[in-house]
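Structure at a glance
Each chain, written out:
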Amino acid sequence: METLNQLLDLKEPGVMDYVHLQGVYFIHSIQALFKHHGDLMQFITTVGDPRYAFLIYFPLSYCLHRHTGIQVIWLACISEWLNAVLKWILHGERPYWWIHEIQQHDHVMHPVSLQQYSLTCETGPGIPSGHAMITAAVMYVMMRSFNKHALPSNRNDLKFMIWCLYGMLLFAVNISRLFIATHFPHQVVAGTIAGMLLGEVIKHEHVSKLALPHYLGWCTLLLILVAVTYYTILLIGLDPFWSIAKAVKWCANPDWVHPDTSLFFSIDRDISTLSGFGVSLYLAKRLKVDSELRNPLVKCLQIILSIAVTLTMESYKIPHQNELIFYIGGFIKFFSMVNIVVVVIPYCLKKCFEPVERIKNS
């Protein structure tokens, strides 16, 4: 195997050059191992997509257990927001563009090539992995809630199996992220650890007791911190959008560049969802809407309708040619989505089935 000096044409390559190069070799071996399972790998990486914390895991958990649903929405927003800020600060490369950028050096001997896929070309920096971090955080709380509320307290064997499933899911998502060459190994490990730690922190916080002023205050704080981070990056002479240019330049297919993976869109989704959720809790209280409908059939209908609405709304792609319209449209979409799940659907079901329940009980 060629030495790093030969490969990089650098007299004294840095530590991250060694890490990235070894990561490329590892990714290449993963792609070779699973070369006949590309569709499966892309499906697994879709399962770990941060969007599904908002589109599936939140409505599912909120309909089944209100407190868990509130924890999930907080974790989804805070972990994605923190992930975006850390990516800005840590300035991490992605393998699918790093391997091309390094070839720009004279006399570089390039040992391997990496295959790109339709989900490869994400536009944000690489560390920590958002898929790993947000999946680890959200699933941590969901698995813990399932063990606590759905399993007998004396069935430690079943609880252990649930945590094993949790570990297997994280491992599969991380491998899929490496397979599509969108992350280096150290980036998915960092994301997983950060997500688990965040899940452990949030589980101790009584977020279910927070009211609308708290939500608006948190959204304001998050926006201020984002602005401070953004302008600090500008002041020290760096480009906050450097990764977008690299994604556009080195993606094998321009149609694979995903604008909704940008850091600004992630932050837009987090602020709109968190503020929208605060408003929805206020409206639900005023309208006396109960999120946890008692009738099992009605509860199943609530889950189906909620997920159907979120996925349908997500299927509408906001035009990204105009950035202002793109971000305003994203804000409105997620703000409306959470209000429909928390207020509109439970309210309509209550009005439809309340007379039936009265007749049964009379």
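Above this note sits the structure.
An account of the accompanying structure is given in this report. Here the structure is a predicted model, which means the values were calculated and not measured.

Side note on the overall build of the chain
- Summing up its helical and strand segments, the chain has 14 helices and zero strands in all.
- Burial status across the chain gives 49% buried among its 362 residues.
- Contacts in the chain between residues far apart in sequence, at least 24 positions, make up 83% of those at least 6 positions apart.

What to know about the packing of helix H3 (residues 38-47) against helix H8 (residues 156-179)
- One way to put it is that H3 packs onto H8 with a least axis distance of 8 Å and a crossing angle of 120 degrees. Between H3 and H8, the crossing angle belongs to the class labelled oblique. Pair H3 / H8 crosses with left-handed handedness. Residues Gly 38, Met 41, Ile 44, Thr 45 and Val 47 of H3 form the contact with H8, whose own contacting residues are Leu 169, Ala 172, Val 173, Ile 175, Ser 176, Arg 177 and Phe 179.
- Residues belonging to the contact of H3 with H8 are distributed by class as follows: eight nonpolar, three polar and one charged.

Comments concerning the environment of Gly 130
- By secondary structure assignment, the location of Gly 130 is in helix H7 (residues 130-149).
- By relative accessible area, which is 6% here, Gly 130 ends up buried.
- With 61 residues separating them along the chain, Gly 130 and Gly 191 place their C-alpha atoms 6.5 Å apart.

Describing the environment of Ile 73
- Among the secondary structure elements, Ile 73 is positioned in helix H5 (residues 66-90).
- Not counting chain neighbours up to four residues away, the residues in contact with Ile 73 comprise Phe 54, Phe 58, Thr 273 and Phe 277.

What about the packing of H5 against H7?
- Contact geometry of H5 with H7 gives a least axis separation of 9 Å together with a crossing angle of 160 degrees. Put simply, H5 runs roughly antiparallel to H7. Here H5 runs over H7; the crossing is right-handed. Residue-level contacts link Thr 68, Gln 71, Val 72, Leu 75, Ala 76, Ser 79, Glu 80, Leu 82, Asn 83 and Lys 87 of H5 to Gly 130, Met 133, Ile 134, Ala 137, Val 138, Val 141, Met 142 and Ser 145 of H7.
- Within the contact of H5 with H7, the residues separate by chemical class into ten nonpolar, six polar and two charged.

Here we look at helix H12 (residues 263-286)
- With 24 residues, H12 should cover 34 Å at 1.5 Å per step; its first-to-last C-alpha distance of 35 Å lies within 8% of that length.
- Across the 24 residues of H12, 18 count as buried, placing the element largely inside the fold.
- Once H12 ends, the next one or two residues include Lys 288, with phi positive near 55 degrees.

Points about the environment of His 67
- Mapped onto the elements of the fold, His 67 is located in helix H5.
- For the pair His 67 and Lys 209, spaced 142 residues apart in sequence, the C-alpha to C-alpha distance is 9.3 Å.

Re the state of the cysteines
- Taken as a whole and assessed by the stated rule, the structure comprises one disulfide.
- A sulfur-sulfur separation of 2.0 Å characterises the disulfide bridge that pairs Cys 121 with Cys 251. Its S-S torsion of approximately 90 degrees makes the covalent link between Cys 121 and Cys 251 right-handed. One end of the pair, Cys 121, is in the loop between helix H6 (95-101) and H7; the other, Cys 251, is in the loop between helix H11 (242-250) and H12, and 130 residues separate them in sequence. The residues Cys 121 and Cys 251 share a single accessibility class, namely buried.
- Cysteine Cys 352 shares no disulfide, and the gap to the nearest cysteine sulfur, in Cys 348, comes to 6.5 Å.
- Owing to a relative accessible area of 54%, Cys 352 belongs among the exposed residues under this scheme.

What about a nonpolar patch on the surface?
- On the surface, Tyr 282, Leu 283, Leu 287 and Tyr 347 cluster together into a nonpolar patch covering about 330 Å² of accessible area.
- Structurally, Tyr 347 can be placed in helix H14 (residues 323-361).
- Judged by relative accessible area, Tyr 347 falls into the partly exposed class, the value being 31%.

With respect to the packing of aromatic side chains
- Under the criterion given, the structure shown has 25 aromatic pairs.
- Ring centres of Phe 54 and Phe 334 lie 6.2 Å apart, and the angle between their planes is 70 degrees; on these two criteria the pair is classed as edge-to-face. Of this pair, Phe 54 sits in helix H4 (residues 51-64) while Phe 334 sits in helix H14, and the two are 280 residues apart along the sequence.
- The exposure class of Phe 54 is buried, given its relative accessible area of 4%.
- Under the relative-accessibility criterion, Phe 334 is labelled buried at 2%.
- Here Phe 264 and Tyr 327 contribute two aromatic rings whose centre-to-centre distance is 6.3 Å and whose plane-to-plane angle is 70 degrees, an arrangement assigned as edge-to-face. In this pair, Phe 264 sits in helix H12 while Tyr 327 sits in helix H14, placing the two residues 63 residues apart along the sequence.
- A residue is classified by how much of its surface remains accessible, and Phe 264, at 25% relative accessible area, is partly exposed.
- Every member of this aromatic cluster is reached through a ring pair, and the members are Phe 54, Trp 88, Tyr 230, Tyr 231, Phe 241, Phe 264, Phe 265, Phe 326, Tyr 327 and Phe 334.

Let's talk about the pattern of salt bridges
- For the structure shown, the criterion picks out nine salt bridges.
- Here Arg 269 makes a salt bridge to Glu 80, at a shortest N to O gap of 2.5 Å. Of this pair, Arg 269 sits in helix H12 while Glu 80 sits in helix H5, and the two are 189 residues apart along the sequence.
- A residue is classified by how much of its surface remains accessible, and Arg 269, at 3% relative accessible area, is buried.
- Glu 314 is the salt-bridge partner of Lys 333, the closest N and O atoms lying 3.2 Å from each other. Within this pair, whereas Lys 333 is found in helix H14, its partner Glu 314 is found in helix H13 (residues 296-315), the two being separated by 19 residues in sequence.
- Among the residues examined, Lys 333 registers a relative accessible area of 10% and is labelled buried.
- Residues joined in a network through salt bridges with shared partners are Asp 49, Arg 51, Glu 314, Lys 317 and Lys 333.

Calculation rules
- Residues numbered from 1 in each chain as written.
- Predicted model: local features only at pLDDT ≥ 70, side-chain atom pairs only at ≥ 80, totals over all residues.
- Heavy atoms only, no water.
- Helix = DSSP H or I, 4+ residues; strand = E, 2+ residues; numbered from the N terminus.
- Buried < 20%, exposed > 50% of the residue type's maximum accessible area, 1.4 Å probe, protein only.
- Contact = heavy atoms within 4.5 Å.
- Axes fitted to C-alpha atoms, helices over the stretch in contact; angles between N-to-C directions.
- Parallel < 35°, antiparallel > 145°, perpendicular 65-115°, else oblique.
- Left-handed = near helix turned anticlockwise from the far one by under 90°.
- Nonpolar A, V, L, I, M, F, W, Y, C, P; charged D, E, K, R; others polar.
- Expected span 1.5 Å × (residues − 1).
- Disulfide = S-S within 2.5 Å.
- Patch = residues over 30% accessible without salt bridge, like charges linked within 9 Å, V, L, I, M, F, W, Y side chains within 5 Å.
- Areas by Shrake-Rupley, 256 points an atom, 1.4 Å probe, with all protein chains shown as cover.
- Salt bridge = Lys/Arg side-chain N within 4 Å of Asp/Glu carboxyl O.
- Phe/Tyr/Trp six-rings, centres within 6.5 Å; stacked < 30°, edge-to-face > 60°.

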